[in-house]
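The primary structure of each chain is shown beneath.
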Amino acid sequence: RKEVEQDPGPFNVPEGATVAFNCTYSNSASQSFFWYRQDCRKEPKLLMSVYSSGNEDGRFTAQLNRASQYISLLIRDSKLSDSATYLCVATGANNLFFGTGTRLTVIP
Amino acid sequence: GAGVSQSPSNKVTEKGKDVELRCDPISGHTALYWYRQSLGQGLEFLIYFQGNSAPDKSGLPSDRFSAERTGGSVSTLTIQRTQQEDSAVYLCASSVGGRNYGYTFGSGTRLTVV
């Protein structure tokens, strides 16, 4: 079983739409969680951390449910520039475990 | 420098040759990680360095892979007797205090073994 599992998509949404991504993690000992964004043929970049209380950064909202070992990312008012692959991430003993990513395409 | 620097950005090598990939982390970042990403695949952890502690080598796929970090800064990942399945993008990342702080990645080295 993978440490972090995500729906690979693709998600194709119109500009202005709201889209949500979910992922699950297998290690109940994971302490920290993140969402990364990866553009085609580029390195992953940290989008935001995920806190138990939920946190928001502009149009992006992240949620963590420790009981269900479930993480989510909500993007409101999607922009063309949001098109990318979104990676769900959970900590391991010494490193980060990355999901394989969910591909988002925002359509004009 | 301002970011994590990796070199070369691209490397094409013949099967059986050795290659060295270099990573220069963000100044002051004590933690350094190597990952690789094959086409259409997720990131695979390879090795982790934290300060002067012994590295966590648990992700290295075979004994052909090794890495060192000199002076707590620059790191070199060496692949001996390269195989075609070693073709991937090798990503280095550094962190100010370890995994709980998230990572900053370099732009990677795209390795192609022919």
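Up top is the structure.
Note that the structure is predicted; figures quoted are calculated from it, not measured.

1. Re the pattern of salt bridges
- One pass over the full model with this rule turns up six salt bridges over all chains.
- A salt bridge links A:Arg37 to A:Asp39; its shortest N-O distance comes to 2.9 Å.
- When the shortest N-O distance is used, the salt bridge between B:Arg64 and B:Asp86 registers 2.8 Å. Here B:Arg64 is found in the loop between β5 (43-50) and β6 (65-69), whereas its partner B:Asp86 is found in the loop between β7 (75-79) and β8 (88-95), with 22 residues between them in sequence. Here the two residues B:Arg64 and B:Asp86 agree in accessibility, since each one is buried.

2. Here we look at the interface of chain A and chain B
- The partner chain B presents 18 residues to the 19 residues of chain A that form the contact.
- Both sides of the chain A and chain B interface together cover about 1500 Å² of buried area, and 51% of this is carbon and sulfur.
- When residues of chain A are sorted by the area they lose upon contact with chain B, A:Glu43, A:Asn94 and A:Phe98 head the list and together hold 31% of the total.
- Summed over the shared surface of chain A and chain B, the result is zero salt bridges.
- Counting across the interface, chain A meets chain B through five residue pairs in polar contact (both at pLDDT 80 or more).
- In terms of residue count, the dominant contributor to the side of chain A that touches chain B is strand β4 (residues 33-38) of chain A (three residues).
- In terms of residue class, the side of chain A that touches chain B is built from eight nonpolar, nine polar and two charged.

3. Quick notes on the sheet that holds strand β8 (residues 70-75) of chain A
Residues and elements named next belong to chain A.
- Strand order in the open sheet made by the five strands is β1-β3-β8-β7-β6, with antiparallel pairing throughout. On the outer flanks of this sheet lie β1 (4-6) and β6 (55-57), each paired with one strand and no other. Ignoring which end each strand starts from, the neighbouring axes of this sheet average 20 degrees apart.
- Sheet analysis places β6 next to strand β7 (residues 60-65), joined by three bridges and oriented antiparallel. Within the sheet, the bridge partner assigned to Asn55 lies in β7 and is Ala62.

4. With respect to the nonpolar core
- Ranked by internal contacts, the top residues of the largest apolar core, which has 23 residues, are A:Phe21, A:Trp35, A:Ile71, A:Leu73, A:Ile75, A:Tyr86 and A:Leu104.
- What A:Tyr86 contacts, discounting residues up to four positions off in sequence, is A:Gln6, A:Phe21, A:Trp35, A:Tyr36, A:Arg37, A:Leu47, A:Phe60, A:Leu73, A:Ile75, A:Gly101, A:Thr102 and A:Leu104.
- Membership of the second largest hydrophobic core comes to 20 residues, among which are B:Cys23, B:Trp34, B:Ala67 and B:Val113.

5. Topic: the state of the cysteines
- Throughout the structure, instances matching the rule amount to two disulfides over all chains.
- Between A:Cys23 and A:Cys88 runs a disulfide, and the two sulfur atoms are separated by 1.8 Å. Placement of the pair is A:Cys23 in strand β3 (residues 19-25) and A:Cys88 in strand β9 (residues 84-91), with a sequence separation of 65 residues. Accessibility assignment for this pair places A:Cys23 and A:Cys88 in one class, buried.
- In this model, B:Cys23 is linked to B:Cys92 through a disulfide, with the two sulfur atoms separated by 1.9 Å. In this structure the cystine formed by B:Cys23 and B:Cys92 twists about its S-S bond by roughly -65 degrees; its chirality is therefore left-handed. Taken together, the positions of B:Cys23 in strand β3 (residues 19-24) and B:Cys92 in strand β8 put the pair 69 residues apart, joining distant regions of the chain. In this structure, B:Cys23 and B:Cys92 share a single accessibility class: buried.

6. Examining the environment of B:Ser53
- Residue placement: B:Ser53 occurs in the loop between β5 and β6.
- Each C-alpha atom, one on B:Ser53 and one on B:Gly72, is 9.9 Å from the other, the two residues being 19 residues apart in sequence.

Cut-offs applied
- The numbering scheme is per chain: residues are counted from 1 as the chain's sequence reads.
- Each chain takes a letter, starting from A, and each ligand takes a number, starting from 1, following the order in which they are written.
- Reporting of local features is limited, given that this is a predicted model, to residues whose pLDDT is at least 70; pairs of side-chain atoms are given and counted only at 80 or more, and all residues count toward the totals for whole chains, interfaces and linings.
- Note: side-chain values were computed over all heavy atoms of the structure, leaving out hydrogens and water.
- Counted as salt bridges are all cases of a side-chain nitrogen of Lys or Arg within 4 Å of a carboxyl oxygen of Asp or Glu.
- To qualify as a helix, a DSSP run of H or I must reach at least 4 residues; to qualify as a strand, a run of E must reach at least 2; elements of each kind are numbered from the N terminus.
- Between buried and exposed lies partly exposed: a residue is buried under 20% and exposed over 50% of the maximum accessible area for its type, with that area taken using a 1.4 Å probe on protein chains only.
- Only heavy atoms enter the contact rule, under which two residues are in contact if any of them lie within 4.5 Å.
- Joining two parts hides part of their accessible area as seen by a 1.4 Å probe, and the buried area is that hidden amount summed over both.
- In protein, a polar contact means a hydrogen-donor-capable atom and an acceptor-capable atom, both N or O and within 3.5 Å, with residues adjacent in sequence counting only if both atoms are side-chain atoms; elsewhere, any N or O pair within 3.5 Å suffices.
- Classification convention: Asp, Glu, Lys, Arg as charged; Ala, Val, Leu, Ile, Met, Phe, Trp, Tyr, Cys, Pro as nonpolar; all other residues, Gly among them, as polar.
- DSSP bridges decide pairing: two strands pair if at least two such bridges lie between them.
- Note on method: axes are straight lines fitted to C-alpha atoms, helices fitted across the in-contact stretch only, with angles between N-to-C directions ranging 0 to 180 degrees.
- Residues enter a nonpolar core if they are buried and are Ala, Val, Leu, Ile, Met, Phe, Trp, Tyr or Cys, with the set joined through side-chain atoms within 4.5 Å.
- Only a pair of cysteine sulfur atoms within 2.5 Å counts as a disulfide in this structure description.

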